[in-house]
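Chain and residue survey
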Amino acid sequence: MGVFAIVFMINHVYAADNSSLNYTNDSKGIYPTASWQPTGQTTVSNPQGGFGTQVDGNKSWSGDPSDTKNSYLKFGADQNKPGYAIRKYAKETSTQGLYDVYLNAKGSTQQDIKPVDIVWLLICLVRWNKELVEQNPFDKV
């Protein structure tokens, strides 16, 4: 019922899971004890974000996928600058009983990489070019 992730980095392997988070099993079903619901939706309970066994306490937000702050489970040595963060959640669509499910992952660093131009230069000798045309290499294919 938890998130399990393995992130490979040069010379490092990090693995984490949030199976230590508590789940409630009652007449409503099984859901994360520390949960949040998208604004105005009562049929969805999503796990709160946090670090380790500490949750962020956010019980409601819009669920807008462009939001890059709310409900991330953070992994790494420093909760203020985690190695990576994962967020999984669902929102009910305008069709009752139909849900959009999201899984977002982000790392702690971003690198801007300059694009590289590659130029291929072929120089053919006149004799080689003439022989190639006369032999028609496509006949051999």
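These remarks concern the structure in this document. (Residues numbered from 1 in each chain as written. Predicted model: local features only at pLDDT ≥ 70, side-chain atom pairs only at ≥ 80, totals over all residues. Heavy atoms only, no water.)

1. Focus on the pairing of strand β5 (residues 35-38)
- In this structure, β5 lies alongside strand β6 (residues 46-47), joined through two bridges in antiparallel fashion. When the sheet's bridge partners are listed, serine 35 is paired in β6 with proline 47.
- Sheet topology note: the β5/strand β9 (residues 60-61) ladder contains two bridges and is parallel. Bridging across to β9, proline 38 finds its partner in tryptophan 61. (Pairing = 2+ DSSP bridges. Helix = DSSP H or I, 4+ residues; strand = E, 2+ residues; numbered from the N terminus.)

2. Quick look at empty space enclosed by the protein
- In total, this model carries one cavity of 30 Å³ or more according to the counting rule given.
- Estimates place the volume of the largest cavity at around 30 Å³.
- The wall of the largest cavity is formed by Pro47, Gln48, Ser71, Leu73, Ile86, Arg87 and Lys88.
- Per-element tally for the lining of the largest cavity: the top contributor is strand β11 (residues 84-92), with three residues.
- Broken down by class, the residue content of the lining of the largest cavity amounts to three nonpolar, two polar and two charged. (1 Å grid on protein atoms, 1.4 Å probe; cavity = no way out; pocket = protein on both sides within 12 Å on 5 of 7 lines; lining within 4 Å. Points joined across faces, edges and corners; volume = space filled by probe spheres on them. Nonpolar A, V, L, I, M, F, W, Y, C, P; charged D, E, K, R; others polar.)

3. What to know about a nonpolar patch on the surface
- Taken together, the side chains of Val116, Ile118 and Trp120 make up a nonpolar region of the molecular surface, amounting to roughly 470 Å² of accessible area.
- For valine 116, the location among the structural elements is in the loop between β12 (99-107) and α1 (126-135).
- Overall, the relative accessible area of 69% leaves valine 116 in the exposed class. (Patch = residues over 30% accessible without salt bridge, like charges linked within 9 Å, V, L, I, M, F, W, Y side chains within 5 Å. Areas by Shrake-Rupley, 256 points an atom, 1.4 Å probe, with all protein chains shown as cover. Salt bridge = Lys/Arg side-chain N within 4 Å of Asp/Glu carboxyl O. Buried < 20%, exposed > 50% of the residue type's maximum accessible area, 1.4 Å probe, protein only.)

4. With respect to the sheet that holds β11
- Pairing is mixed in the open sheet, where five strands are placed in the order β8-β7-β10-β11-β12. The outermost strands of the open sheet, each flanked by one partner alone, are β8 (54-55) and β12.
- When strand β7 (residues 50-51) meets strand β10 (residues 73-75), the two strands line up parallel, connected through two bridges. Across the sheet, the residue bridging to phenylalanine 51 is lysine 74, located in β10.

5. Quick word on unusual backbone geometry
- Its identity is not glycine, yet serine 71 carries a phi of approximately 65 degrees, on the positive side.
- You can see serine 71 is positioned in the loop between β9 and β10.
- Taking the relative accessible area as the measure of exposure, serine 71 reaches 3% and is therefore buried.

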